[in-house]
There are 2 protein chains.
Amino acid sequence: TFGKFGEDWVHFYLFTLGITMAVISFLMDWGINLCLTGRKTLYETLNHHIALQYFSWIILPILLVLFSAALVHIVAPQAIGSGIPEMKTILRGVILKDYLSFRTLFAKVIGLVASLGSGMPLGKEGPFVHIASIVATQLAKLRIFKSIYENQSRGMEMLAAACAVGVACCFAAPVGGVLMSIEVTSVYFAVRDYWRGFFAATFGATFFRLLAVWFQGHETLKPVFRTYFGSEFPYDPLELIIFAFIGVISGLIGASFVFLHRQYVLWMRSNKKLNSILQKNRFMYPIIISWFIASVTFPPGFGQFIAGNLTTHDQVLTLFSNFSWSKYNFTPGESFVVKKWDNPSTGIFVNLGLYCITTFFLSIIASTLPVPSGNFVPVFKMGAGVGRIVGEAMQLCFPKGLKFSEENWKIVPGAYAVVGAAAVTGAVTRTVSVCVIVVEMTGQITYIIPILLAVLISNVIAGLLQPSIFDSIAIIKR
Amino acid sequence: TFGKFGEDWVHFYLFTLGITMAVISFLMDWGINLCLTGRKTLYETLNHHIALQYFSWIILPILLVLFSAALVHIVAPQAIGSGIPEMKTILRGVILKDYLSFRTLFAKVIGLVASLGSGMPLGKEGPFVHIASIVATQLAKLRIFKSIYENQSRGMEMLAAACAVGVACCFAAPVGGVLMSIEVTSVYFAVRDYWRGFFAATFGATFFRLLAVWFQGHETLKPVFRTYFGSEFPYDPLELIIFAFIGVISGLIGASFVFLHRQYVLWMRSNKKLNSILQKNRFMYPIIISWFIASVTFPPGFGQFIAGNLTTHDQVLTLFSNFSWSKYNFTPGESFVVKKWDNPSTGIFVNLGLYCITTFFLSIIASTLPVPSGNFVPVFKMGAGVGRIVGEAMQLCFPKGLKFSEENWKIVPGAYAVVGAAAVTGAVTRTVSVCVIVVEMTGQITYIIPILLAVLISNVIAGLLQPSIFDSIAIIKR
């Protein structure tokens, strides 16, 4: 099926594409981290005065969102949003003007660094797929690659590979990226692209992780959200019922997310008075929204209930942590994690509940900002919260584990968080590739069966109620 | 892309397919194990007399192979061989007579149990794909499913799902199964089948492992070739060069395997004298070959150099073991493993080398037996041996690991065996799905990057020299 490998230029092209995207991804992560650390340092330095502290907490996000919105408005409005709905359209054969131009690349890369650096609940999977597609298109214009990109169908092939590379360099998930590229394709997937996707994605993901070894002092190639669950007795077969239940509620949550997202956008659009105000003051909306979201997460305020002083990356890592938060004797490291999610006046269940609800609504609002942004990560962390609630509840009900063997294996609430994250993301994006992406992100395949089960169920449930978020956005735009 | 889920019958059908295949697979494994344990018990009971012991070692294989050959000869000659080349032909739209009939199913299931129970170096992946395809076809003839199977293209869809289920129930590898079904497809893969494959494969794999929990006392759902590598520091980035080198030699080994396999078959066919003898005595060839192979593996004889008293499953498990065989202080468990592969007069390197070479040639010879059989597992275990040699050599050269951090992380020879197994299998079958299958079989994703790298390289190298074993068989048959 893989034809001849004499097409050396194609392989060199795919290799170059993978390496280029790895470098871009690494640099972007570096930029995003710079913004996030800058904000945190500023906030911690000004800890003697609450008003100053509040000001320091909100000012950087507002400025960054404003900068991102202004940049894409001036340079390339095509860079706004995720990019996956448009990729789906292009892969159906429709040509979208300037969507794959160098201007759009520039605006999307810089704009995404700013919008993710602002700490808003925004994702990067979709934009990375878009960026990889532009890089693929622009690379193909170079003289040495010109011959391989001559006809239209070849162009489609390269976009499928680019999709795989985008995911591979975003989450270090090459296999998940290839599956994602199949799911983005409309009706028929060329089997040849499967091999090409693997080729480009593997080199992309490898080089992306190697850069972390060379420049960030990692000792070896590591997954992005590494988990540390035991593999000796991961779960009792009876727990599969609970995992299936997580699938059901995740499907409902996913469908409501898509529904409310569409309703919010349509309401915004139909409200003429609001519209005319926003039209006149183009940057009022970004300022208000980013100010509102930053205020809600302000750590001394409401933020104390929703782990507001953790970055998205740390929120996910702690939600995936391998110990129960409802026990009593913590090690110093565990205690540090729990304190982020616990609060003397509420407790972890109330906090986790507030976290899920807040993330749900703030993600919907944030995704309407006119900046480059995706939906994957916000939905993912909300799902992790939902799963963690179920896991901690299970742990409370069965403190010694489901009685099965005499050794009393315990419940692993972190695994429930992983399953929940995958199931909700699967329901919103209506993909199964998320199973593989999650496995590659955590570096553990131990829970593949629960993850697959929950994702399939959440997909079916959400499918009965709503279209995917990408199709929903496409409906709105039509 | 996943369309409506209102097609409840399709889902019920896919669910039934998955469960049915899980039960068949479980019963077959039980039957195969019965044969293998019976032979071992007989052999161990007669340990006072070497001639009797030799007789007991060879008689059961000869009888089982003979039974298998006679059964498929009388009932359904379509059951001979792997089935994947024919599946590829059918998925191209060609109708092969009686290939998906109930008679063939019966012959293939019983024949495969006998041929695998004989301990010959034969595989089961291909036959399982074939069996799943027949089950899918036969299920669709039931009255309740009749409506969904009306037109031709629907039939193709069901076969793609069946392919995924076959692999899922063979190795408990649902994701790898879906990828395999893409690779078996000729040119364009219907994206809808992707979802259906996942659905059926997940339920199949889950139920397959649940049966082991319910009837074999497993405590939880376990991978088939579970590994226990540490995930803290799996490999030094520099080791990627060695993994790539394994990819290169695996590609060469894979190509020579395909080449010599074809040459052997063509030589057998062109030798008219030999042919006329074999034609007259139809069961002479199976008897001679199974006698020869059983004799070579006779443990007190040559078998002592090639771990002849281990089953294929145990050979793979020990080759994947997580400690170096060339150190000195072993725990009792480790010592037990090493003794199987060590020999006072030779040592592990000579033994491993002999094991690889013997498995290489015996697999080629065995695959010409007129019984149901696949190529995946024999090639897989040979690759594991090749990888282990490289791993143990690395361990000898760098007994304290590649100096990178101060903590001196050690080389993990078992991981080299996993990479080698994947790379050689990938080269022979020319698939990338083997990466995911290996990850699901071992239950550890820690080495996904080395595995992907080695498999891609071995695929490219083998692709420059030879077609895949499936295409090679199709060329011979034409």
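In this text, all values refer to a predicted model and were calculated from it rather than measured experimentally. (Residues numbered from 1 in each chain as written. Chains lettered and ligands numbered in written order. Predicted model: local features only at pLDDT ≥ 70, side-chain atom pairs only at ≥ 80, totals over all residues. Heavy atoms only, no water.)

### Observations regarding the interface of chain A and chain B
Across the contact, 65 residues belong to chain A and 64 residues belong to chain B. Counting the surface lost from both chain A and chain B, the interface buries some 5400 Å², and carbon and sulfur atoms represent 71% of this. Scanning the region where chain A abuts chain B turns up zero salt bridges. One can count three residue pairs in polar contact (both at pLDDT 80 or more) joining chain A with chain B. Looking at the side of chain A that touches chain B, the elements with two or more residues in it are α7 (174–184), β1 (188–190), α8 (191–216), α17 (433–442) and α18 (448–465) of chain A. (Contact = heavy atoms within 4.5 Å. Buried area = accessible area lost by both parts, 1.4 Å probe. Salt bridge = Lys/Arg side-chain N within 4 Å of Asp/Glu carboxyl O. Polar contact = N/O pair within 3.5 Å; in protein donor to acceptor, adjacent residues only side chain to side chain. Helix = DSSP H or I, 4+ residues; strand = E, 2+ residues; numbered from the N terminus.)

### A short note on the relation of the copies chain A and chain B
Expressed as a screw transformation, the operator carrying chain A onto chain B has a rotation angle of 180° and an axial translation of 0.0 Å, and the superposed copies differ by an RMSD of 0.0 Å. Taken together, the rotation and translation describe the operation of a two-fold axis. Of the C-alpha atoms belonging to chain A, the one lying closest to the rotation axis is found on F189 of chain A, 2.5 Å away. (Least-squares fit on C-alpha atoms with pLDDT ≥ 70 in both.)

### Some points on the nonpolar core
Core analysis: the biggest nonpolar cluster contains 320 residues, and M21 and I451 of chain A together with M21 and I451 of chain B have the highest contact counts within it. Residues within four places of M21 of chain B in sequence aside, it is in contact with F128, I131, A132, V135, V165 and C169 of chain B. V75, A76, A79 and A107 of chain A belong to the second-largest nonpolar core, a separate cluster that totals six residues. (Core = buried A, V, L, I, M, F, W, Y, C linked by side-chain atoms within 4.5 Å. Buried < 20%, exposed > 50% of the residue type's maximum accessible area, 1.4 Å probe, protein only.)

### Quick word on the packing of helix α9 (residues 239–270) of chain A against α18 of chain A
Residues and elements named next belong to chain A. Across the interface, α9 lies against α18 with an axial gap of 7 Å and an inter-helix angle of 35°. Relative to α18, α9 is oriented so that their crossing is right-handed. From α9, L240, F243, A244, G247, V248, S250, G251, L252 and A255 reach across to α18, where they touch I449, P450, L453, A454, I457, S458, I461, A462 and L465. Here the contact of α9 with α18 is built from residues that sort into 14 nonpolar, four polar and no charged. (Axes fitted to C-alpha atoms, helices over the stretch in contact; angles between N-to-C directions. Left-handed = near helix turned anticlockwise from the far one by under 90°. Nonpolar A, V, L, I, M, F, W, Y, C, P; charged D, E, K, R; others polar.)

### What to know about the domain arrangement of chain A
Residue and element names in this part refer to chain A. What the domain assignment lists for chain A is domain 1 (8–216) and domain 2 (239–477). Its C-alpha centre places domain 1 at a distance of 23 Å from the equivalent point of domain 2. With 48 residues of domain 1 at the interface, the matching set in domain 2 holds 41 residues. In total, domain 1 and domain 2 occlude about 3800 Å² of area from one another, counting both sides; carbon and sulfur atoms represent 74% of this. (Domains from an automatic or database assignment.)

### Examining helix α3 (residues 84–91) of chain A
Residues and elements named next belong to chain A. With seven of eight residues buried, α3 lies mostly within the body of the structure. The set of residues buried in α3 consists of I84, P85, E86, M87, K88, I90 and L91. Positive phi appears at G93, one or two residues downstream of α3, with a value of about 105°.

### Looking at empty space enclosed by the protein
This structure, assessed with the given rule, holds seven cavities of 30 Å³ or more. When its volume is computed, the largest cavity comes out at roughly 260 Å³. Looking at the lining of the largest cavity, its residues break down into nine nonpolar, six polar and five charged. In this structure, the second largest cavity encloses a volume near 230 Å³. Tallied by class, the residues present in the lining of the second largest cavity amount to eight nonpolar, six polar and five charged. (1 Å grid on protein atoms, 1.4 Å probe; cavity = no way out; pocket = protein on both sides within 12 Å on 5 of 7 lines; lining within 4 Å. Points joined across faces, edges and corners; volume = space filled by probe spheres on them.)

### Topic: the environment of F55 of chain B
All names here are of chain B. Considering the arrangement of structural elements, one finds F55 in helix α2 (residues 50–75). F55 sits in the partly exposed class, given a relative accessible area of 46%. In this structure, the C-alpha to C-alpha distance between F55 and F298, residues 243 residues apart in sequence, is 10.0 Å.

### Quick word on the side chain of R388 of chain A
All names here are of chain A. Take R388: it is sitting in helix α15 (residues 376–397). What makes R388 buried here is its relative accessible area of 0%. Setting aside residues no more than four positions away along its own chain, R388 makes contact with T318, L319, F320, S321, F323, S324, W325, L352, P413, G414, Y416 and A417.

### Here's the deal with the environment of S458 of chain B
Residue and element names in this part refer to chain B. Along the chain, the position of S458 falls in helix α18 (residues 448–465). A relative accessible area of 0% places S458 in the buried class. Taking the C-alpha atoms as reference points, S458 and V424, 34 residues apart in sequence, are found 7.1 Å from one another. If near-sequence neighbours (up to four positions away) are discounted, S458 is found in contact with G247, S250, G251, A423, G426 and A427. A polar side-chain atom of S458 sits 3.1 Å from the main-chain carbonyl oxygen of V455.

### Let's talk about the pattern of salt bridges
Side chains that differ in sign of charge can pair as their charged atoms come close. All names here are of chain B. Under the definition given, this model contains seven salt bridges over all chains. D29 is the salt-bridge partner of K124, the closest N and O atoms lying 2.7 Å from each other. Here K124 is found in the loop between α4 (102–117) and α5 (125–140), whereas its partner D29 is found in helix α1 (residues 8–45), with 95 residues between them in sequence. According to the relative accessible area criterion, K124 is buried, its value standing at 13%. Take D29: its relative accessible area is 21%, and that puts it in the partly exposed class.

### Quick notes on the side chain of T202 of chain B
As for its placement among the helices and strands, T202 of chain B is situated in helix α8 (residues 191–216). Not counting the four nearest positions on each side in its chain, T202 of chain B is found in contact with L452, L453 and L456 of chain A together with P174 of chain B.

### So, the packing of aromatic side chains
Residue and element names in this part refer to chain A. Here the structure, examined in full by the defined rule, presents 48 aromatic pairs over all chains. Consider the rings of F207 and W214, whose centres lie 5.8 Å apart with planes at 80°: the pair is edge-to-face. Aromatic side chains Y235 and F243 sit 6.0 Å apart centroid to centroid with 90° between the ring planes, which places their arrangement in the edge-to-face category. By the burial criterion, Y235 is buried, and F243 matches it. Aromatic ring contacts, followed pair by pair, group F171, F225, F320, F376 and F380 into a single cluster. Over the ring of W325 we find R388, and its NZ or CZ is 4.1 Å from the ring centre. (Phe/Tyr/Trp six-rings, centres within 6.5 Å; stacked < 30°, edge-to-face > 60°. Lys NZ or Arg CZ within 6 Å of the ring centre and 35° of its normal.)

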